[in-house]
Amino acid sequence: NAVKTVGIEVAHNGQVNRAHILDDFALRNLTMPAALIHGDAMDAIVREQARASVNNEAFDVIVTDPPYNIRETTKFCVDPPLVQLVKCMAQDRRDGKRLLKKKGRLVSFVPNEQGHDVALGMPSVQDLNEAGLEFCQMLEQPLNDSLSRWLVVYKCTR
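Residues numbered from 1 in each chain as written. Predicted model: local features only at pLDDT ≥ 70, side-chain atom pairs only at ≥ 80, totals over all residues. Heavy atoms only, no water.

Undergrad: Please give an account of the nonpolar core that cites residues and values.
TA: Core analysis: the biggest nonpolar cluster contains 25 residues, and M89, L106, L133 and Y154 have the highest contact counts within it. Elements supplying a minimum of two residues to this core: β2 (35-38), α2 (44-53), β3 (59-64), α3 (81-94), β4 (100-113), α4 (125-131) and β6 (147-156). In terms of residues, this core owes the most to one element, α3, which gives five residues. Apart from the residues lying within four places of it in its own chain, the contact partners of M89 are I62, L99, L100, L106, A131 and L133. (Core = buried A, V, L, I, M, F, W, Y, C linked by side-chain atoms within 4.5 Å. Buried < 20%, exposed > 50% of the residue type's maximum accessible area, 1.4 Å probe, protein only. Helix = DSSP H or I, 4+ residues; strand = E, 2+ residues; numbered from the N terminus. Contact = heavy atoms within 4.5 Å.)

Undergrad: So, the pattern of salt bridges: which residues are in play, and what are the values?
TA: Going through the model one piece at a time under the given rule, you end up with ten salt bridges. As a salt-bridge pair, D92 and R47 come within 2.7 Å of each other at their nearest N and O atoms. Note that D92 is positioned in helix α3 and R47 in helix α2, a separation of 45 residues in sequence. A salt bridge links K155 to E134, with the shortest nitrogen-to-oxygen separation between them at 3.8 Å. Note that K155 is positioned in strand β6 and E134 in strand β5 (residues 133-142), a separation of 21 residues in sequence. What emerges from the salt-bridge pattern is a single network uniting R47, E48, R51, D92 and K97. (Salt bridge = Lys/Arg side-chain N within 4 Å of Asp/Glu carboxyl O.)

Undergrad: Got a sec to walk through the sheet that holds β6? Specific residues and values, please.
TA: Sheet architecture is open: four strands sit in the order β3-β4-β6-β5, paired in mixed fashion. Looking along the sheet, the strands with just one partner apiece sit at the ends: β3 and β5. Neighbour-to-neighbour, the strand axes of the sheet open up by a mean angle of 15 degrees, direction not taken into account. Inspection of the sheet shows β5 paired to β6 by nine bridges, in the antiparallel sense. Paired with Q141 across the strands is R149, a residue of β6. (Pairing = 2+ DSSP bridges. Axes fitted to C-alpha atoms, helices over the stretch in contact; angles between N-to-C directions.)

Any functional reading would require information that these geometric values do not contain.
Take a look at the structure:
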């Protein structure tokens with residue numbers, strides 16, 4: 001089976017040129033994405049478009065690098081982006097539209113400034129349980145003296 005990818009990008013084309021993304025896939029001789037969707041993955045309609053791009057199947061892996069209000073402007077929300085995504089995944093499960101296959105992985109980058117507790121940006125055990133996820137591991141990538149990003153991995157258990 002060929003690998004099917006779908007990209008969801010909230011930034012407008014002036015910040016992220018979708019044609020350049022496709023050029024990069026071609027340059028690297030990679031299978032073209034099934035879709036590049038301009039939208040916010042927290043929007044149920046956008047997630048539905050992503051599933052529709054791969055025959056309404058759940059994904060094996062979701063890799064996300066949410067905007068965190070550094071480059072893009074997003075709507076105000078009390079929860080950090082990763083928590084929002086996990087809650088969306090839980091809602092999709094309740095609606096019978098799972099986003100991730102059983103044994104699938106959710107992989108997310110989480111930026112963190114020195115002196116801040118990275119755990120504050122992570123989903124609760126209850127949120128993970130409702131989404132059918134369990135924590136696997138976290139790895140830190142220092143970016144400079146004051147900023148790092150963490151690669152966080154969860155496994156879909158049901």
